[in-house]
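An overview of the molecular structure
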Amino acid sequence: MTETELTLIPDFDLSGRNTLALKAASRFGVVLETTESIAALFALAEARGLPLRILGGGSNVVLAPEFDGITAIIASKGKFLVENTDGHVVVEAAAGEVWHDFVGWTVAQGFGGIENLAGIPGTVGAAPVQNIGAYGAEVADVFESLVAFDTKTRSLRTFALDECAFAYRDSVFKHEPGRYVVVSLRLRLKKPWTPNLRFAGLSELADLPRLDPKAVMERVVAIRNSKLPDWRVTPNAGSFFQNPIVSLEEVTPLLARFPNAPNFSQADGRTKLSAGWLIEQSGLKGFRLGKAGVSDRHALVVINLGGAAAEDIAALAAHIKATVMERFGIALHEEPVFT
Ligand SMILES: Cc1cc2nc3c(=O)[nH]c(=O)nc-3n(C[C@H](O)[C@H](O)[C@H](O)COP(=O)(O)OP(=O)(O)OC[C@H]3O[C@@H](n4cnc5c(N)ncnc54)[C@H](O)[C@@H]3O)c2cc1C
């Protein structure tokens, strides 16, 4: 594809392309369906002196009302079975595939390994960026490799697991924002399948006479639906804050004052706290500030009450952080990207 074949859409409306339903537009927008078009777009943006921003499903972003550049929607499709041995399968999907559909596709073939990650909105390409996780699993657990377009070298690069620096909601792709555009992802799913039922709500599935990945996927989706507000009805971006991981010096006085605070020891000696618990115990569940609010179903979810803009979300987030800091002395960090 050449630069001239790319269709730049002026005054590109993004209001329907972000799960917080923020009113947002971009000077230009483009929907990218092929890997070749990514390289062509970067050349075009450079030639025209326009900043370029990548978007998948818009489920982990707080969009500014106006972006004076090009917003590229990654929409490449394709799901493949790459390898099938007695010990594992390797599956691949293009970055623009819907993550949940990819999970469903693996499960429909009887392959287990990512069923605990069912129901997470967004695209396959964004999944490794923040190493999506839920119900005791994360993408890093099954990661085989990915291909990304390196905007610095203008070439494709394959990343192996040890090059991704995966951590809790983190990866190398977050460290250098905008440098890499993920174009495809490969996962290695082990055979025979071992269900991961450690998470509350899943453990009782162990009593079923016959358990398969589909049953776990369905239970995960049912739990998610019962806990989280549906973004199509109540616009939100999922968990708005990361669970803070704190040092022994920070956690010791906290647990002395609040012995019932949920806390989880990490391999590196630090402790993970529950951001939702900290917010709820700060009295903020259901709290409203202007057009933004904290869900009354889940304290970790910030919602658009109707007509909110990025600044409304930012003001509420600042209030939550200040309140939690004042009560517990713990710093919260936003999970979605402000862009
Ligand atoms: C209701 C709800 C529930 C959620 N639950 C969870 C959960 O359980 N666990 C969890 O981890 N997350 C969860 N999320 C957050 C979100 O779904 C994930 O972060 C998801 O991976 C974002 O995908 P996206 O395509 O929507 O990314 P976007 O929001 O479009 O983009 C997010 C960031 O990734 C970048 N990006 C997008 N695509 C690419 C690409 N191909 N290459 C490089 N960078 C890219 C963007 O530039 C942006 O910086 C939830 C969100 C919602 C709304």
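Residues numbered from 1 in each chain as written. Predicted model: local features only at pLDDT ≥ 70, side-chain atom pairs only at ≥ 80, totals over all residues. Heavy atoms only, no water.

Counting through the fold element by element, Arg 169 comes out in the loop between strand S11 (155-160) and helix H3 (172-175). Reaching out from Arg 169, the side chain makes a polar contact with the backbone oxygen of Asn 131 at a distance of 3.4 Å. Excluding anything up to four places from it in sequence, Arg 169 contacts Gln 130, Asn 131, Ile 132, Gly 133, Glu 138, Lys 174, Gln 242 and Glu 335. (Helix = DSSP H or I, 4+ residues; strand = E, 2+ residues; numbered from the N terminus. Polar contact = N/O pair within 3.5 Å; in protein donor to acceptor, adjacent residues only side chain to side chain. Contact = heavy atoms within 4.5 Å.)

In the numbering used here, UniProt assigns the feature "active site" (unreviewed entry) to Arg 169, Ser 239 and Glu 335. Spanning 167 residues, the annotated positions come together in the fold, the maximum distance between their C-alpha atoms being 11.2 Å. Summarising the element assignment, Ser 239 is placed in strand S13 (residues 236-239). The partly exposed category is assigned to Ser 239, whose relative accessible area is 28%. For Ser 239, the residues in contact, after removing those within four places along its chain, are Leu 300, Glu 335 and Pro 336. (UniProt positions renumbered as here; feature names shortened; annotations may be inferred. Buried < 20%, exposed > 50% of the residue type's maximum accessible area, 1.4 Å probe, protein only.)

Remark: helix H2 (residues 99-108) packs on helix H4 (residues 213-227), axes separated minimally by 9 Å, with the N-to-C direction vectors making an angle of 150°. Judged by the inter-axis angle, H2 sits roughly antiparallel to H4. Here H2 and H4 pass one another in a crossing that is left-handed. In this structure, H2 uses His 100, Val 103, Gly 104 and Val 107 to contact H4, whose residues at the interface are Pro 213, Lys 214, Met 217 and Val 221. (Axes fitted to C-alpha atoms, helices over the stretch in contact; angles between N-to-C directions. Parallel < 35°, antiparallel > 145°, perpendicular 65-115°, else oblique. Left-handed = near helix turned anticlockwise from the far one by under 90°.)

Right, let's talk about the pairing of strand S10 (residues 143-150) for a bit. With respect to burial, S10 is a largely interior element, six of its eight residues being buried. Judged from the seven bridges that link them, S10 and strand S12 (residues 180-190) form a sheet pairing that is antiparallel. Of the residues in S12, the one forming a bridge with Leu 146 is Leu 185. Bridge analysis of S10 against S11 gives six bridges, and the strand direction is antiparallel. For Phe 149, the partnering residue across the bridge sits in S11 and is Leu 156. Counted between consecutive antiparallel strands, the loop separating S10 from S11 contains four residues, among which Arg 154 sits at a positive phi close to 55°. (Pairing = 2+ DSSP bridges.)

Helix length check: helix H7 (residues 310-328) (19 residues) gives 27 Å between terminal C-alpha atoms against 27 Å at 1.5 Å per residue, within 8%. Inspection of H7 places Ala 310, Ile 313, Leu 316, Ala 317, Ile 320, Val 324 and Phe 328 among the buried residues, and these make up the whole buried set. With its buried residues spanning 130° around the axis, H7 presents them on a single face. Exposed and facing more than 90 degrees away from the buried side of H7 are Glu 311 and Glu 326. After H7 finishes, the residue Gly 329 shows a positive phi value of roughly 70°. (Expected span 1.5 Å × (residues − 1). Arc of directions from axis to C-beta.)

It is worth spelling out the site of the ligand at this point. Around the ligand, a shell composed of 32 residues is seen, among which Ile 54, Gly 56, Gly 57, Ser 59 and Thr 123 lie nearest. Here an oxygen atom of the ligand and a side-chain polar atom of Gln 130 are 2.8 Å apart. Among the elements of the structure, strand S3 (52-55), strand S8 (133-134), S12 and S13 are those that each provide at least two residues to the shell around the ligand. For the shell around the ligand, the class distribution of residues is 16 nonpolar, 13 polar and three charged. (Near = heavy atom within 4 Å. Nonpolar A, V, L, I, M, F, W, Y, C, P; charged D, E, K, R; others polar.)

The next point concerns the environment of Asn 131. Assignment of secondary structure puts Asn 131 in the loop between H2 and S8. In this structure Asn 131 comes out as buried when scored by relative accessible area, which is 0%. Each C-alpha atom, one on Asn 131 and one on Gly 269, is 21 Å from the other, the two residues being 138 residues apart in sequence. At a separation of 2.9 Å, a polar atom in the side chain of Asn 131 contacts the main-chain carbonyl oxygen of Ala 167.

Once that is clear, we can look at the domain arrangement of the protein chain. When cut into domains, the protein chain gives domain 1 (3-74), domain 2 (79-227) and domain 3 (236-338). Counting across the interface, domain 2 meets domain 3 through zero salt bridges. On the surface where domain 2 and domain 3 come into contact, there are four residue pairs in polar contact (both at pLDDT 80 or more). Element by element, the count of residues in the side of domain 2 that touches domain 3 is highest for H4, at three residues. Partitioning the side of domain 2 that touches domain 3 into residue classes produces one nonpolar, three polar and three charged. (Domains from an automatic or database assignment. Salt bridge = Lys/Arg side-chain N within 4 Å of Asp/Glu carboxyl O.)

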